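Coordinates in review
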Amino acid sequence: MHEVTRRDFFKLSGAVAGGLLLPFEQGIIDQIPAFPLHKRIGEAITICTYCGVGCGQIVSAADGRLVNIEGDPDHPISQGRLCPKGVSLHQLSTVGEVANPRRLQRVMYRAPGGDRWEEKSWDWAIEQIAGRIKATRDANWIAEDGDGRPVNRTEAIAALGTVFANNEEAYLLTKMVRSLGVVFNENESRICVTSAVAAGGESVGRGPMTNHWIDLGNSDCVMSIGCNVAETFPVAFQWVEKARARGGKLISVDPRFTRTSSAADIHVPLRTGTDVALIGGMINYVLENGLYHEEYVREYTNASFLINKGFGFEDGLFTGWDADKGSYDKSTWQYQTDEDGIPKRDETLQDEDCVFQLLKRHFSRYDADTVCSTTGTPKDIFAKACEAFAATGAPDKAGAIVCSSGAAQHAAGTQMVRSYYILQLLLGNIGVAGGGVNGIAGASNGLGCTLQGRLFNALPGDVPMPAAADETLEAYLGRVTAPAATMEKVISPWTDRPKHIVSLLRAWYGDAATAANGFGWEYLPKLGGNYSFIPLFEAMQGGTIKGLLAWGMNPAVSGPNSGALRAALQKLEWMVVADLAETETAAVWKSPGVDPAENQTEVFLLPVAASLEKEGSLMNSARWMQWRYKVVDPPGDARSDLWILNRLVLALKELYAREGGPYAEAITNLTWDYGDEPDVHRVAKEMNGYDLAAGALLAGPGALKEDGTTSCGNWLWCGSYTEQGNMVARRDPVDASGVGLY
């Protein structure tokens with residue numbers, strides 16, 4: 001073997017370099033093969049489907065398959081970074097040279113008592129599913145309740161999911177099931193962070209994430225409680241690290257020593273479920289040491305409001321507790337008001353009946369000894385955490401709380417998260433850069449889907465569902481509409497609920513929604529009780545629910561007490577599952593100990609497109625709306641949720657137009673004009689809304705009217721798709737604000 005010395009290497013290198021610089025003979029040049037200057041692959045931008053951070057990705061495809069995926073350097077949140085799951089996203093579609101072998105590529109059918117799947121066509125499946133829905137709905141229609149009030153609903157069909165579909169698909173799923181009169185209508189958020197949403201609603205009017213991911217970088221102290229953000233949301237954790245690089249601190253509150261704890265300045269260990277005691281102690285520390293933001297507390301919270309003198313707290317219970325009913329009579333839970341109904345105030349915060357003094361008395365019980373004996377937290381660590389986070393109450397400081405399912409998924413989850421808000425309001429950390437209570441979601445579009453009315457008690461835009469007592473539109477509006485504000489600094493979107501519901505009905509029923517018929521008020525089903533996740537499965541177990549639409553949700557695994565849920569699923573007459581792969585829910589007849597021959601549930605398993613295989617919008621945990629583009633076609637016969645819903649509703653409309661049925665008008669009059677190959681942009685425009693007289697897209701929710709001259713499928717989306725184009729698809733990497741507001 002010839003050895004090349006260092007001198008020989010440089011001589012050879014020089015010769016090669018000289019060859020590159022000197023001209024070749026033309027004949028030699030002609031022998032060099034030509035190569036293209038552009039990639040033969042196509043690139044598209046998309047948003048990761050794995051969690052609520054909403055990272056940007058650049059995806060490349062060639063010859064109908066994915067060949068590369070990388071972080072989008074222009075994306076404000078992720079800035080080119082991806083976590084291991086994000087890097088592997090292409091595997092949902094392609095593994096090596098072929099489609100992912102776990103993906104469903106054909107419509108599958110399991111007959112009652114069958115022990116195997118059978119391949120079917122889409123035409124056959126749509127016809128059969130539409131027939132099952134109609135037969136079940138018609139045979140179990142409830143026109144009036146026991147008091148003779150019109151309710152127009154069915155309790156025999158349930159709909160579950162989803163938190164991974166695009167907003168437009170989730171919106172159409174809600175539109176379909178509500179037109180059918182379905183009231184058992186839930187998604188994953190009910191068993192995830194709904195308790196945090198309830199706490200946020202009571203505290204600041206909205207939940208769960210008050211600020212955004214980039215804003216964590218503006219914080220002087222971040223407290224992670226009920227989550228392990230460094231490990232579960234690693235790309236977002238870069239903003240916590242940037243805050244620390246600026247001199248900020250990180251507090252990790254966790255029974256375990258996690259990766260977040262290892263990166264933290266202070267790790268606060270505590271016994272599981274003792275968050276209220278710990279945060280109560282921090283609240284007491286702030287109050288006793290005068291570390292609250294006095295101007296903020298006085299001017300921007302209800303701390304100065306005077307409370308009814310009959311209100312009190314004793315032996316762990318507030319006034320009005322009824323032990324027999326297991327609930328409170330809240331008649332004493334009222335403000336003292338003047339003759340105009342405006343709450344009385346004491347701006348000195350000294351009146352014994354003001355909220356501030358009541359708060360001080362309530363939390364005085366949470367002294368350090370009591371807190372640490374309850375939580376098991378060492379006193380010195382508790383003191384350090386209190387000192388570090390309470391320092392953010394200074395006017396020039398801000399502190400953020402980050403929480404997730406570890407806080408929300410407790411019997412007292414709402415109370416836990418409510419305590420976080422109380423602490424943040426005292427410190428003036430709500431509504432400021434670097435502050436907030438940030439309840440993070442683990443699904444890419446959990447918030448967006450839920451705001452399309454994917455919970456039993458809500459219509460799109462978080463508009464309350466009508467109840468049996470709401471016999472007229474006027475009665476409903478009288479119950480759900482907030483009175484016009486009579487105080488300074490008070491703003492409520494609920495004063496505009498007449499505009500929201502009328503515009504929604506016009507979007508759903510078009511010319512069939514007129515002032516004469518209450519804009520189609522009778523078409524909406526009316527609730528008669530609690531139809532949430534657990535009551536839904538109790539009704540399934542009891543035989544009330546006959547059919548289930550499980551859209552991108554696998555309750556046999558994700559729900560509590562999976563054994564009981566699987567037993568309930570086996571009571572169904574039929575089930576439709578739309579998913580990427582065979583799930584435990586679809587294959588419940590294969591469960592351990594189950595004899596397929598004895599299980600009579602008919603199952604339709606529909607193959608759906610993954611996120612890279614369709615176009616549409618989604619919303620991350622921080623309410624950032626983003627648009628993702630289709631990169632490749634789905635494998636085999638898989639289709640987008642949009643396509644499936646479109647085909648199913650068109651089949652139902654045709655079926656009811658031909659055969660009729662109880663309150664068929666709610667289906668036949670439903671507007672549904674998205675094309676044979678449904679156009680997601682048409683759906684997005686419907687959600688945004690129109691000025692019906694001008695035929696123009698609305699510029700924002702301020703243009704909505706209650707007289708029926710505007711339509712809007714979801715008032716929160718009004719302004720998302722205007723005459724200027726698709727606002728969600730805008731991309732501008734310039735941060736003019738300086739605090740991450742792109």
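Reference entry: report on the structure contained in this document. Keep in mind that this is a model prediction, so the values were computed, not measured.

Definitions and cut-offs
Residues numbered from 1 in each chain as written. Predicted model: local features only at pLDDT ≥ 70, side-chain atom pairs only at ≥ 80, totals over all residues. Heavy atoms only, no water. Buried < 20%, exposed > 50% of the residue type's maximum accessible area, 1.4 Å probe, protein only. Helix = DSSP H or I, 4+ residues; strand = E, 2+ residues; numbered from the N terminus. Pairing = 2+ DSSP bridges. Phe/Tyr/Trp six-rings, centres within 6.5 Å; stacked < 30°, edge-to-face > 60°. Lys NZ or Arg CZ within 6 Å of the ring centre and 35° of its normal. Contact = heavy atoms within 4.5 Å. Axes fitted to C-alpha atoms, helices over the stretch in contact; angles between N-to-C directions. Expected span 1.5 Å × (residues − 1). Parallel < 35°, antiparallel > 145°, perpendicular 65-115°, else oblique. Left-handed = near helix turned anticlockwise from the far one by under 90°. Nonpolar A, V, L, I, M, F, W, Y, C, P; charged D, E, K, R; others polar.

Moving on to the pairing of strand β6 (residues 107-110). Burial along β6 is two-sided: V107 and Y109 facing one way and M108 and R110 facing the other are all buried. Pairing of β6 with strand β7 (residues 118-120), which is carried by 3 bridges, proceeds in the antiparallel orientation. Bridge pairing in β7 places M108 opposite E119. One ladder, built from 3 bridges, connects β6 with strand β24 (residues 602-607); its direction is antiparallel. Following the sheet pairing, R110 is matched in β24 by V603.

So, about the sheet that holds strand β28 (residues 696-697). The strand order across the open sheet built from 3 strands is β28-β27-β29, with neighbouring strands paired in antiparallel fashion. The outermost strands of the open sheet, each flanked by one partner alone, are β28 and β29 (710-711). Pairing between strand β27 (residues 690-691) and β28: 2 bridges, direction antiparallel. Note that in β28 the partner of Y690 across the bridge is L697.

Moving on, we get to unusual backbone geometry. The peptide bond linking G161 to T162 adopts the cis configuration, its omega dihedral lying at 0°. Topologically, T162 is positioned in the loop between β9 (150-160) and α5 (167-179). Phi at L349 is positive, roughly 65°, even though this residue is not glycine. Among the structural elements, L349 can be located in the loop between β17 (327-328) and α12 (355-363).

Here the focus is the packing of aromatic side chains. Enumeration over the complete set of coordinates arrives at 26 aromatic pairs. Each residue in the set F311, F313, F318, W321, Y328 and W333 is aromatic and connected to the rest through ring pairs, giving one cluster. Above the face of the W124 ring, K120 is positioned so that its terminal group lies 4.7 Å from the ring centre. A cation over a ring is seen here: R497 above W494, with NZ or CZ 3.9 Å from the ring centre.

We now examine the environment of R259. As for its placement among the helices and strands, R259 is situated in helix α9 (residues 259-263). For R259 and E231, which are 28 residues apart along the polypeptide, the C-alpha to C-alpha distance reads 6.2 Å. What R259 contacts, discounting residues up to four positions off in sequence, is N228, A230 and E231.

Moving on, we come to the environment of P255. The residue P255 is located in the loop between β12 (249-253) and α9 in this model. With a relative accessible area of 45%, P255 lands in the partly exposed category. Considering only alpha carbons, one finds P255 and G406, 151 residues apart in sequence, at a separation of 10 Å. In contact with P255, other than residues within four places in its own chain, are L270 and T272.

This next bit is on the sheet that holds strand β11 (residues 221-225). One key point about sheets: their strands pair by backbone hydrogen bonds, in either a parallel or an antiparallel sense. The 5 strands lie next to each other as β13-β12-β11-β18-β19, forming an open sheet whose pairing is parallel. Strand pairing shows two members of the sheet lacking a second neighbour, β13 (266-268) and β19 (437-439), which therefore form its edges. Taken pair by pair, the neighbouring strands of this sheet meet at an average axis angle of 20°, ignoring direction. Both β11 and β12 contribute to a ladder of 5 bridges, which runs parallel. Across the sheet, the residue bridging to M223 is I251, located in β12. The sheet contacts of helix α14 (residues 379-390) involve β11, β12, β13 and β18 (399-403), and relative to β13 the element is tilted by about 120°.

Our next topic: helix α19 (residues 497-509). Given 3.6 residues to a turn, an α-helix orients residues that are three or four positions apart in the same direction. The end-to-end C-alpha separation of α19 is 18 Å, in line with the 18 Å expected for 13 residues at 1.5 Å each. Counting buried positions over the 13 residues of α19 gives 12, a clear majority of the element. With its phi angle positive at about 50°, G510 sits one or two positions after the end of α19.

A word on the pairing of strand β2 (residues 56-62). A large share of β2 lies buried, amounting to 7 of its 7 residues. Taking every second residue as pointing to the same face, both faces of β2 are buried, with G56, I58, S60 and A62 on one and Q57, V59 and A61 on the other. In terms of strand pairing, strand β1 (residues 42-47) meets β2 through 6 bridges, oriented antiparallel. Across the sheet, E43 pairs through a bridge with S60, a residue of β2.

Further remarks concern helix α6 (residues 194-204). Listed as buried for α6 are T194, S195, A196, A199, G200 and S203. Among the structural elements, α15 (405-408) and α16 (413-427) are those in contact with the buried residues of α6. Just beyond α6, the residue with positive phi is G205, at close to 90°.

Let us now look at the packing of helix α10 (residues 275-288) against α12. Axis separation between α10 and α12 bottoms out at 9 Å; the angle between their running directions is 125°. Between α10 and α12, the angle is such that the two are oblique. Crossing angle aside, the handedness with which α10 passes α12 is left-handed. Across the interface between the two elements, G280, I283, N284 and L287 of α10 pack against F356, L359, K360 and F363 of α12. Classifying every residue of the contact of α10 with α12 by side-chain character gives 5 nonpolar, 2 polar and 1 charged.

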